[in-house]
Amino acid sequence: MMEDRQQAQCMFDRFGAEIYEGEEYFAGNDGDIFVCDSENFDPGNHVICDLVETMGTKWILEQLGYQKKTFCLD
C-alpha cells in the first residue's frame, strides 16, 4: 500500500506539480511535465497555456496539419 502522500518521496515537474512513484510523466528538453487525468482534456491546463504562449495558436494549427488560407471574393 502506498504511504501517505505527505510523507512519500516525490519529484516535481517544471510547473511545480508533484509526481509520485508509479505515476507517468513526459520528459523533454524543457523539463518534465506531469498531466493528471483530470487535466487531460482541460483546454485551460498549464501545458496547453504554456504551449499557446510559447508557440502561438497559428503555429500549433499548422503543426496539426491545418492549411492557412485567405478568404477572397472573386
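In what follows, the structure referred to is the one given above.
Now for a look at the structure at hand. (Residues numbered from 1 in each chain as written. Predicted model: local features only at pLDDT ≥ 70, side-chain atom pairs only at ≥ 80, totals over all residues. Heavy atoms only, no water.)

1. A word on a nonpolar patch on the surface
Taken together, the side chains of Ile-48, Leu-51, Val-52, Met-55 and Trp-59 define a hydrophobic patch exposed on the protein surface, amounting to about 400 Å² of accessible area. Considering each element in turn, the nonpolar patch owes the most residues, four residues, to helix H1 (residues 46–55). For Trp-59, a relative accessible area of 37% corresponds to the partly exposed category. (Patch = residues over 30% accessible without salt bridge, like charges linked within 9 Å, V, L, I, M, F, W, Y side chains within 5 Å. Areas by Shrake-Rupley, 256 points an atom, 1.4 Å probe, with all protein chains shown as cover. Salt bridge = Lys/Arg side-chain N within 4 Å of Asp/Glu carboxyl O. Helix = DSSP H or I, 4+ residues; strand = E, 2+ residues; numbered from the N terminus. Buried < 20%, exposed > 50% of the residue type's maximum accessible area, 1.4 Å probe, protein only.)

2. Some details on H1
A distance of 2.9 Å separates the backbone nitrogen of Val-47 from a side-chain oxygen at the start of H1, and that oxygen is part of Asn-45. After H1 finishes, the residue Gly-56 shows a positive phi value of roughly 90 degrees. (Polar contact = N/O pair within 3.5 Å; in protein donor to acceptor, adjacent residues only side chain to side chain.)

3. Here's the deal with the side chain of Glu-39
Summarising the element assignment, Glu-39 is placed in the loop between strand E4 (31–33) and H1. Within the structure, the side chain of Glu-39 is placed 3.4 Å from the side chain of His-46, a separation counted as a polar contact. Sequence-distant contacts of Glu-39, defined by excluding residues within four places in its chain, comprise Phe-34, Asn-45 and His-46. (Contact = heavy atoms within 4.5 Å.)

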